[in-house]
Amino acid sequence: SSSSSSSSSSSSASSSSEEEEEKSEKSEKMMSTKCDRTRQLWVEGEPPKVSAKLKRGVSGAPKSLPKFAPPKCKRDRMERVRLAIAVSTRSARGPATSWAEVLVKNVHANLPKQWKAEIIFYEDGGDVEDEEDEKEDDGEVDESGKREREKESRRTRRTATATTRKSREFARKAANAAKDGKGYAVYATSRDTDARVVSRLLRLTSAETVLLMYPSSSSSSSFSSSSSSSLREIKTGVDVSVDWIRNAEAMLARDAKLVAVFVAEGSVRGEREKERKDGNDARPFLPSSNSIVLVKREALLRGGYQLLAEKKAAPCGVNNPNPDDLLIEAIKNVGGKYVAMHAESPHEVAPSEMISRDRGDGEVICGPEFLDVEPAFCDHGRRAIGAKGDASRGEKKVMASIVMQFYDRPKSISALPALLSKKSPVLAELLVNNDSRSSHEAWMKSLHRFHNSMLTLASNNSTDEKVSTRRNKFSVPFALLVHSPDVHEIRAYNRLGRAANAPFVAFIQDDDRPNDPNWLARALKLFKVQPKMSMLGGHAGRLDTSKNMEVKRQWGARSKGYRGGPTWQNAGEKYGNAAGALPIKFLDPNTEEAFMWAYKVNSAPLIVRADDFIRVGLFHPMFSCPGEMGIGFDFEFSIRLWKNGLGVGLYSSGFKDGLGGGGSTRSNPVALLRRMTAWRSNNILLYYCYPNFHHEKGTKIALAWNKELVLRTKTRRPAKSSSQF
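None of these values were measured; they are calculated from a predicted model.

Of regular secondary structure, the protein chain possesses 20 helices and 26 strands. The buried share of the protein chain, taken over its 725 residues, is 54%. Sequence separation of at least 24 residues holds for 82% of the intrachain contacts in the protein chain that already meet a minimum separation of 6. A total of about 32100 Å² of accessible surface is found on the protein chain, and carbon and sulfur atoms cover 48% of it.

Right under this line is the structure:
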């Protein structure tokens, strides 16, 4: 009887375990499908893998298609970054900047080479400038003290300017000194809250883990000024800090549920341990206020950290939360846990029973339809002033993030931001990747003007003197400048596309000239009436309907060394504004806008839904080496969207080429040869990425969707440009 009872108990146990497994499988399926594609907080996909060889019978591929040979890169491809050090440098001024040199030369340089660690410095304004504004806002001054006050104001402004330049120079020097060209310096046009800065830092890198350093307490302006800050240990005991990073990294790798390792201060830990032993403290062991933490980046973003920062840490808020609290809340949302570890003794960790943060309920946190970012700016007393306008029309929401790749085109620095903001009805932010790391002060002046234009639009042309005179410093930043180590467009677009705060991202180039101020408004209107569209091209597009391939002969002396022959680009129709292209032959029935579905579209501009851009895996890095032109990345992303059931459209943006001066890959014979070689190679690559889909199957889908549109005729023409969206 005992054996039968034991067998029955074992069978019941096995059945219960099977039931638990079924429940877990169901919960996993529910977790993956509970949020629809527009409400996923953060699901970062990967670009498709390249097939080693094409099997026989692959449809759509030419019979004589050569084998794809990947380009040999002189530099690290930067696709897999294991760790990034992300630093908010808010109060790193004057003598306090010495820690950055130690951080770069003694910590970052001594990390394992296979980690490919990068370092990012984020600079967003100086304290001296803010003090000056507060002095000017104290009230009216009598005539006797007016002259003295003006002298003091001029002295303060000179000091503020010198301090700001010093801080800007410090961030760039520190980034440039990073080993193997892995340093980035980011500059914002106004001061943001600490939590929102941390959100940007998490999205400015693709690293698996991020060492965050930031000011997180109102009582402590920076981690470098804390009385017992572990950065003091970094200054005096660099080897200990490297050991701390290595051990924390190992802990995160061993424990799938462990999301963050905070640096703990010895004094805090001792007090907490004493209270716990005495039974007077039932609270978990919390991290210290030194604001240094190693985190799993994607887990925090899946837990909704970006949404938490936008909703709970708006500028000018009375009770802005500590970023540590939001990090812990995001960790809870994914059922994770965190620990605190001493900087002095990296192996000493808090007791495990006090740090577990397992939700255990299988819940998935869904985001809103899109991230509802409303601009905010402050009056002189740092009180928030709400923007006017009709929320339903999107007048006061940041609707688009414009991402621009820049390399040494001096004339475009002042002209392009002005053209983007002039008479524009769309509230947008501008993110600039400066690969040449040049013309910093000119860029900051231009971006501040763009920032002011957007803030005027956000305030609905408010006549409030407090808004108009101080909008520059006390608001969300409407522009970012990133000094990067010459990574070129694909990697620059991916980095800044992740960091975008708006529901739509518009990718442009530094020689674009937007002639229609309503180009973005018209694009957003098309996205509204075409919900199945994920990307909209504004330059040119293709339908690969031909049975033949394009053939390019040698282009004379301009392309010396180029062997003529097939480019492996289908010779189908080309539409849009490019040379030799046909006019767009359809109209959208809802807006009367010239519009059609295109199998592939060219940049620029390229306007993409931000959530889809992240979800399908960003632009494919295989299409260029770092620092090289990314010919064909726009075609590949178009095909990938169609492959995922998402549409790609084409409209006329009115953009023209040739702004800003500088060179071109078409004018330089050596660069033109590289361009033509890369073009041919990447056209071949498309067939290896999408066998049995490119080009015939994908083109048939676009042709079928075009049947739902209205044919453009002489009597039925596109509607005039409108600012309504």
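Read from one edge of the open sheet, three strands run 19-16-22, paired in antiparallel fashion. Both outer strands of the open sheet, strand 19 (573-576) and strand 22 (600-602), are each paired with one neighbouring strand and no more. Between one strand axis and the next, the sheet turns by 25° as a mean value, whatever way the strands run. Strand direction decides the pairing type here: strand 16 (residues 540-543) and strand 22, joined by three bridges, are antiparallel.

Let's shift gears to the pattern of salt bridges. For the structure shown, the criterion picks out 17 salt bridges. What you see here is one network of salt bridges that share partners, running through Asp192, Arg196 and Glu310.

Bringing the environment of aspartate 255 into the picture now. Within the fold, aspartate 255 resides in the loop between helix 7 (238-254) and strand 5 (258-264). On the basis of relative accessibility, which here comes to 23%, the residue aspartate 255 falls in the partly exposed class. It is 9.9 Å that separates the C-alpha atoms of aspartate 255 and glycine 336, two residues lying 81 residues apart in sequence. Discounting residues that sit within four places of it in the chain, aspartate 255 has contacts with Lys296 and Lys337. At 2.7 Å, the side chain of aspartate 255 and the side chain of lysine 337 are in polar contact.

Now for the state of the cysteines. Scanning all chains against the criterion turns up one disulfide. For cysteine 73, the disulfide goes to cysteine 625, at an S-S distance of 2.0 Å. Note on the cysteine 73 and cysteine 625 pair: the S-S dihedral is about -80°, so by sign convention the disulfide is left-handed. Note that cysteine 73 is positioned in the loop between helix 1 (2-33) and strand 1 (83-88) and cysteine 625 in the loop between helix 17 (610-615) and helix 18 (633-643), a separation of 552 residues in sequence. Judged by its relative accessible area of 10%, cysteine 625 falls in the buried class.

It is worth spelling out the packing of aromatic side chains at this point. Here the structure, examined in full by the defined rule, presents 18 aromatic pairs. Consider the rings of phenylalanine 504 and phenylalanine 527, whose centres lie 4.8 Å apart with planes at 45°: the pair is tilted. Here phenylalanine 504 is found in strand 13 (residues 504-509), whereas its partner phenylalanine 527 is found in helix 16 (residues 519-529), with 23 residues between them in sequence. Classification of phenylalanine 527 by relative accessible area gives buried; the value is 2%. Seen in terms of ring centroids, tryptophan 597 and tryptophan 642 are 6.2 Å apart; in terms of plane orientation they differ by 75°. Their pairing is edge-to-face. Linking tryptophan 597 in strand 21 (residues 595-597) with tryptophan 642 in helix 18, this pair joins segments that are 45 residues apart in sequence. Judged by relative accessible area, tryptophan 597 falls into the buried class, the value being 0%. Residue tryptophan 642 is classed as buried on the basis of its relative accessible area of 3%. Each member of the aromatic cluster is reached from another via a ring pair, and the members are Tyr493, Phe507, Phe613, Phe619, Phe633 and Phe637. One residue, arginine 495, lies across the ring of tyrosine 184, its end atom 3.8 Å from the ring centre. Lysine 532 extends its terminal NZ or CZ atom over the ring of tryptophan 705, reaching a point 4.0 Å from the ring centre.

Counting 174 residues, the largest nonpolar core has Phe121, Leu212 and Trp519 as its most contacted members. Setting aside residues no more than four positions away along its own chain, leucine 212 makes contact with Ala86, Val198, Leu201, Leu202, Ser291, Ile292, Val293 and Val295. In this structure, Met629, Leu672, Met676 and Trp679 belong to the second largest nonpolar core, which totals five residues.

Following both chains from N to C, one finds helix 10 (residues 305-312) and helix 11 (residues 323-333) inclined at 135°, their axes separated by 9 Å at the closest point. As judged from the angle between their axes, helix 10 and helix 11 are oblique. Handedness of the helix 10/helix 11 crossing: right-handed. Residues Tyr305, Leu308, Ala309 and Lys312 of helix 10 touch helix 11, and the partners they reach there are Pro323, Leu326, Leu327, Glu329, Ala330 and Asn333.

What follows deals with unusual backbone geometry. A cis amide bond links serine 603 to the next residue, alanine 604, at an omega of 0°. With respect to the helices and strands, alanine 604 occurs in the loop between strand 22 and strand 23 (606-609). Positioned with a positive phi, lysine 423 is a non-glycine residue whose angle comes to about 60°. Inspection of the secondary structure assignment puts lysine 423 in the loop between helix 12 (412-421) and strand 11 (428-434).

An α-helix turns once every 3.6 residues. As a result, residues three or four positions apart point the same way. Most of helix 16 is tucked away, with eight of its eleven residues classed as buried. Among all positions of helix 16, only Trp519, Leu520, Ala521, Arg522, Ala523, Leu524, Leu526 and Phe527 are buried.

Residues Ala540 and Arg542 line one face of strand 16 and the alternating positions Gly541 and Leu543 line the opposite face, and both faces are buried. Here strand 16 pairs with strand 19 via four bridges, running antiparallel. When the sheet's bridge partners are listed, arginine 542 is paired in strand 19 with lysine 574.

With that settled, the discussion passes to the packing of helix 5 (residues 194-203) against helix 10. The N-to-C vectors of helix 5 and helix 10 enclose an angle of 155°; their axes lie 9 Å apart at closest approach. It follows from the interaxial angle that helix 5 and helix 10 lie roughly antiparallel. The way helix 5 lies across helix 10 gives a crossing that is left-handed. Of helix 10, the residues touching helix 5 (which contributes Ala195, Arg196, Val198, Ser199, Leu202 and Arg203) are Tyr305, Gln306, Ala309 and Glu310.

Mapped onto the fold, alanine 579 is located in the loop between strand 19 and strand 20 (586-587). Residues alanine 579 and alanine 540 lie 39 residues apart in sequence; the distance between their C-alpha atoms is 9.2 Å.

Following the sequence through the fold, glutamate 593 ends up in the loop between strand 20 and strand 21. Within the local environment of glutamate 593, its side chain forms a polar contact with the side chain of arginine 522, the two groups lying 2.4 Å apart. Excluding its chain neighbours within four sequence positions, the residues that come into contact with glutamate 593 are Arg522, Leu526, Phe586, Leu587, Asp588 and Tyr651.

Here is what the cut-offs are and how they apply
- Residues numbered from 1 in each chain as written.
- Predicted model: local features only at pLDDT ≥ 70, side-chain atom pairs only at ≥ 80, totals over all residues.
- Heavy atoms only, no water.
- Helix = DSSP H or I, 4+ residues; strand = E, 2+ residues; numbered from the N terminus.
- Buried < 20%, exposed > 50% of the residue type's maximum accessible area, 1.4 Å probe, protein only.
- Contact = heavy atoms within 4.5 Å.
- Areas by Shrake-Rupley, 256 points an atom, 1.4 Å probe, with all protein chains shown as cover.
- Pairing = 2+ DSSP bridges.
- Axes fitted to C-alpha atoms, helices over the stretch in contact; angles between N-to-C directions.
- Salt bridge = Lys/Arg side-chain N within 4 Å of Asp/Glu carboxyl O.
- Polar contact = N/O pair within 3.5 Å; in protein donor to acceptor, adjacent residues only side chain to side chain.
- Disulfide = S-S within 2.5 Å.
- Phe/Tyr/Trp six-rings, centres within 6.5 Å; stacked < 30°, edge-to-face > 60°.
- Lys NZ or Arg CZ within 6 Å of the ring centre and 35° of its normal.
- Core = buried A, V, L, I, M, F, W, Y, C linked by side-chain atoms within 4.5 Å.
- Parallel < 35°, antiparallel > 145°, perpendicular 65-115°, else oblique.
- Left-handed = near helix turned anticlockwise from the far one by under 90°.

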